[in-house]
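Geometric and topological summary
Spelled out, the chains give:
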Amino acid sequence: MKSVSWWERPVLWAQQIRQEPGAENLRRFVPLVHEAMKTREQFRALSDRKLQQAATSLTSTSLEKDRDLVRYLALASEAAYRTLGLDPFEEQLLAAASMLRGRVVDMATGEGKTLVGFIVAAGLGVMGRQVHVLSANEYLAARDAAHGSVFFEVFDMQSGAVAESMSRSERTQVYGCDVVYATVHQVGFDMLRDRQRTPGTSRMLPQLDAAVFDEIDAVLLDDAMVPLVLAGEADPAPEEAALTAVVGELVEGADFEVDGERRGVSFTDGGLAKVEQTLGVSDLYAPERFELLTAANVALHARALVERDVHYIIVDGQIQLINDARGRVSDRQRWPDGLHAAVERKEGLVVTRQSEVLDQILVESVARSYLSLTGMSGTAREAAERLHDDLQLRTGMVPTHRRCVRVDEPDRLFSTVVLRDESAAEFVCAAHQVGRPVLVGTANVGESERFAQLLAERGVTASVLNARNDAQEAEVIARAGRFGAVTVSTQMAGRGVDIQLDQQARDAGGLLVVGLSRYESTRLDRQLRGRSGRQGDPGTSVFFTSLEDAVVSRHIEINEPPISVADDGRITDPRFLHLYGHAQRVAEGKLSQLHRTTRKYNKIVDAHSEIFLKTRERILVEEEAFDEYLDQVWLNGPEQGARWRDEPDRTLAVEVVLHQLDRAWSGHVNLLTATLEGIHLRVLGRLNPLDEFNRVAIQDFLTLGARARDAVREVLDAAPANADSLADLGLRRPSSTWTYMVTDNPFMSQADHILAFIAKKTRGEKLPPLTYK
Ligand code: ADP
Ligand code: MG
């Protein structure tokens, strides 16, 4: 036992708890922890069997009363100790108690959030909830589920993890467990698959109940607006290949113009004329050519702005996208379809299957589908305000178990990227000379490879990680704290894996974290720093930055050069350090604006989807609902539908109805996607793009039902007498479906941009370029 408990160190509390909007002091839960530590004593003497009895006797206790929560925490501590060999720290119990009371907790890296997750999950299980613990990637989900199962068994709870490779029946089985480990993406994809369910198949997912998000800010902030997509095959559009060809021949400056920051591109009149000529159309801006105009802009965008090694890499003849901020690469991440194909054509690759979006859902909408949610993260603090405003969650800080002694040095700012990297490379080499382990964080995959090359030129071999393979990278990152290790990584790489120091590394000063340029939010910077100094370890973090960093050049303009620049290019003028911080705040502001805009656009889609799914579900499961539906189909002559009311034809008719509803819905979703992509073109002359979008969405949704009914009637009226499958009726569900997430959607910022455009438009200026942020 420590001589002074941490809750008796008021200074610490004062330091740790900043009163930010949405933040809450967790001190109120401290007495519970205190009590739990005392109560725990009475369980120590119990035999394993008796302990298990005590644990299972808690089943279906609400834990609302403090007394019950205390008893649970005490039992869980003893169970964790016996099964996992981990004796939960008071801080971990504080986190668990707070989360079981609905708070989100900020808890530093290495403080043992995995164990906290176990305790919270089992606690929710005791309360009769079905729990999903949502991890940052599949590797972590599998790891944690495997680790925690012995603990959950004490409470007679089954646990499992969802893996991408699993079949429907395996998934269904895992989703039946009391505690399910998964990624939010997997859950979202399975929701989409469940939505396409036909009479023969059963649901994989039960009603979503309680969620515990590990790294909650990554999911609910960074990934919140990422659409998860279920796609099926579609017929390719022939003009697109021609478009790419002609756009490929255009000349920058003459045929198109790129704006100074290389974020926007637009055709000149001459360029547009060339495109029109090739396509054989007279006016690309005519309303009926709207889709073609969008496609032309997409092709130009791919040609001029989307860069290899920054936005994508090519592996085995395939485009793999890089999520800019995290340097994460995954083959299931795609851009909007047209852009993906356009880049494939630009690179001369085989164009992958053209797909058609069958359905989609935003990550945030998946999260909102849970009845309750809580979470933890090393950087929840910065997210507190947003978590509060968006999801009415309150966030509190949990103090570290041991004092953090990491030294966060001030930034070293340089005039250019080249000088920044040279200086950083020298710095890394110097630390490496004495064997100090170094972790370098870079902004993207291209940079990580360039920097590793700089180190190689100086005789230092670094392990390079860019989140291509979570499992392998976990091994590498786990070794990043060893004496002499040098690791260069993008932001997401090796996430969630503990970096432990060996004794020699500790003696050499612990892990040195070097950031190459700051990220677009201080939250991400802090995530990188947090890799060092875990559990009281020694460590240092420092960022090497430059005025050419994207954070600066994308968001502000620097008009006068700094005066005091040292020989090595280092800028000491404090105004410029200040300016850099300002640029980062501008970036943060833009990101949250974008987030809000995207949410606004999706509000109506979510509402429509809810109505649609309710109808679909009722037709599937309620006999009466289906009968009513048939009445609607043959309003003028109900007797026509008679054949389809009874078996054996009835089941087939249900399938037809669902099929046509799904077709109509998919058409709706595709229309909305296209509208969003091209909305800046559509709003010419109109004042509010959101109103315009909503108008299109509502108008189409209102006719969706009628379109589906017409299609049903047409098919059923023409059905041959012996038809007994969709194929007999000339219908076909997509023979294969696949899922992906749309990352870094270059058009996501479009909505934002429109506002600026409208302002310009009213002043009579020309069409703004497409932007890429
Ligand atoms: P986080 O997710 O907060 O970064 P982890 O859950 O990965 O941290 O845990 C970091 C390390 O701390 C792991 O090696 C884990 O086994 C260890 N650990 C967690 N809780 C305890 C504890 N109560 N006692 C001892 N070690 C612990
Ligand atoms: Mg973790």
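The sections below set out a description of the structure shown in this document. What you are looking at is a predicted structure, and each value in this text was computed from that prediction instead of being measured.

Within the protein chain, the secondary structure is distributed over 27 helices and 25 strands. Each of the 773 residues in the protein chain was classed as buried or not, and the buried ones make up 56%. Considering only intrachain contacts with a sequence separation of at least 6, the fraction spanning at least 24 residues in the protein chain is 76%.

Around ligand 1, a shell composed of 17 residues is seen, among which Asp 87, Gln 92, Gly 110, Lys 113 and Thr 114 lie nearest. Gly 110 places a main-chain nitrogen or oxygen 2.6 Å from an oxygen atom of ligand 1. If ligand 1 stood free it would expose 570 Å²; the protein chains cover 80% of that surface. The dominant element in the shell around ligand 1, judged by the number of residues it contributes, is helix H6 (residues 113-126), at 3 residues. Within the shell around ligand 1, the residues separate by chemical class into 5 nonpolar, 7 polar and 5 charged. When residues of the shell around ligand 1 are sorted by domain, at least three fall in each of domain 1 (9-228 + 365-397) and domain 3 (407-572).

By size, the foremost hydrophobic cluster in this structure holds 56 residues, and its most contacted members are Tyr 72, Leu 73, Ile 119, Phe 151, Phe 152, Phe 155 and Tyr 181. For this core, the leading source of residues is helix H4 (residues 66-84), giving 10 residues. Residues in contact with Tyr 181, not counting those within four places in the same chain, are Gly 117, Phe 118, Val 133, Ser 135, Ala 141, Asp 144, Ala 145, Phe 152, Gly 160, Ala 161 and Val 162. Val 184, Met 204, Leu 205 and Val 219 belong to the second largest nonpolar core, which has 37 residues in total.

This paragraph deals with the pairing of strand S9 (residues 264-267). Side-chain alternation along S9 places Gly 264 and Ser 266 on one buried face and Val 265 and Phe 267 on a second face that is also buried. Strand direction decides the pairing type here: strand S8 (residues 256-258) and S9, joined by 3 bridges, are antiparallel. Following the sheet pairing, Glu 257 is matched in S9 by Ser 266.

With that out of the way, let us pick up the packing of helix H23 (residues 574-621) against helix H26 (residues 689-717). How two helices sit against one another is set out by the angle between their axes and by the gap between those axes. For the pair H23 and H26, interaxial distance at closest approach is 9 Å and the crossing angle is 10°. If you check the angle between H23 and H26, you find them roughly parallel. As for how H23 packs across H26, the hand of that crossing is right-handed. Two secondary-structure elements touch here, H23 through Lys 600, Tyr 601, Ile 604, Val 605, His 608, Ile 611 and Phe 612 and H26 through Pro 689, Leu 690, Phe 693, Asn 694, Ala 697, Ile 698, Phe 701 and Leu 704. The residue makeup of the contact of H23 with H26, split by class, is 12 nonpolar, 2 polar and 1 charged.

What follows deals with the side chain of Asp 662. Among the structural elements, Asp 662 can be located in helix H25 (residues 649-682). Beyond its immediate sequence surroundings of up to four residues, Asp 662 is in contact with Gln 196, Phe 612, Arg 616 and Arg 733.

Bringing a negative patch on the surface into the picture now. A grouping of Glu 623, Glu 624, Glu 628, Asp 646 and Glu 647 is seen on the molecular surface, where their side chains present a negatively charged patch. Within the fold, Glu 628 resides in helix H24 (residues 623-633).

Tracing the sequence through the fold places Glu 215 in the loop between strand S6 (210-214) and helix H10 (216-222). Take Glu 215: its relative accessible area is 11%, and that puts it in the buried class. In the structure, Glu 215 is positioned 81 residues away from Leu 134 in sequence and 8.6 Å away in space, judged by C-alpha atoms. Setting aside chain neighbours within four positions, we find Glu 215 in contact with Ala 136, Met 376, Ser 377, Arg 495 and Gly 496.

Take the packing of aromatic side chains next. A ring pair, where both rings are aromatic, is described by two values, the distance of the centres and the angle of the planes. One pass over the full model with this rule turns up 12 aromatic pairs. Between Tyr 72 and Phe 155 the ring centres are 5.6 Å apart and the planes differ by 55°, which places this aromatic pair in the tilted class. Taken as a pair, Tyr 72 in helix H4 and Phe 155 in the loop between helix H7 (138-154) and strand S4 (159-161) lie far apart in primary sequence, 83 residues in all. With respect to burial, Tyr 72 and Phe 155 carry one shared label: buried. Both rings, one in Phe 414 and one in Phe 544, keep their centres 6.0 Å apart while their planes meet at 5°; by these two values the pair is stacked. Linking Phe 414 in strand S18 (residues 412-414) with Phe 544 in strand S23 (residues 539-546), this pair joins segments that are 130 residues apart in sequence. In textbook terms, an aromatic cluster arises when at least three aromatic residues are bridged by ring pairs, as seen for Tyr 72, Phe 118, Phe 151, Phe 152, Phe 155 and Tyr 181. The ring of Phe 543 carries Arg 518 above its face, with NZ or CZ at 5.2 Å from the centroid.

The subject of this paragraph is the pattern of salt bridges. For the structure on display, the rule yields 53 salt bridges. Between Lys 38 and Glu 35 there is a salt bridge, and its shortest N-O distance comes to 3.3 Å. Of the two residues, Lys 38 and Glu 35 are both situated in helix H2 (residues 30-44); the distance of 3 residues between them amounts to about one turn of the helix. With relative accessibility at 54%, the residue Lys 38 sits in the exposed group. Classification of Glu 35 by relative accessible area gives partly exposed; the value is 37%. A salt bridge links Arg 82 to Glu 78, with the shortest nitrogen-to-oxygen separation between them at 2.8 Å. One end of the pair, Arg 82, and the other, Glu 78, are both in helix H4, 4 residues apart, so they sit about a helical turn from each other. Owing to a relative accessible area of 27%, Arg 82 belongs among the partly exposed residues under this scheme. When salt bridges with common partners are traced through the structure, they connect Arg 40, Asp 48, Glu 78, Arg 82 and Asp 87 into a single cluster.

What counts, and where the lines are drawn
- Residues numbered from 1 in each chain as written.
- Chains lettered and ligands numbered in written order.
- Predicted model: local features only at pLDDT ≥ 70, side-chain atom pairs only at ≥ 80, totals over all residues.
- Heavy atoms only, no water.
- Helix = DSSP H or I, 4+ residues; strand = E, 2+ residues; numbered from the N terminus.
- Buried < 20%, exposed > 50% of the residue type's maximum accessible area, 1.4 Å probe, protein only.
- Contact = heavy atoms within 4.5 Å.
- Near = heavy atom within 4 Å.
- Polar contact = N/O pair within 3.5 Å; in protein donor to acceptor, adjacent residues only side chain to side chain.
- Areas by Shrake-Rupley, 256 points an atom, 1.4 Å probe, with all protein chains shown as cover.
- Nonpolar A, V, L, I, M, F, W, Y, C, P; charged D, E, K, R; others polar.
- Domains from an automatic or database assignment.
- Core = buried A, V, L, I, M, F, W, Y, C linked by side-chain atoms within 4.5 Å.
- Pairing = 2+ DSSP bridges.
- Axes fitted to C-alpha atoms, helices over the stretch in contact; angles between N-to-C directions.
- Parallel < 35°, antiparallel > 145°, perpendicular 65-115°, else oblique.
- Left-handed = near helix turned anticlockwise from the far one by under 90°.
- Patch = residues over 30% accessible without salt bridge, like charges linked within 9 Å, V, L, I, M, F, W, Y side chains within 5 Å.
- Salt bridge = Lys/Arg side-chain N within 4 Å of Asp/Glu carboxyl O.
- Lys, Arg positive; Asp, Glu negative; His and termini not counted.
- Charge placed at Lys NZ, Arg CZ, Asp CG, Glu CD.
- Phe/Tyr/Trp six-rings, centres within 6.5 Å; stacked < 30°, edge-to-face > 60°.
- Lys NZ or Arg CZ within 6 Å of the ring centre and 35° of its normal.

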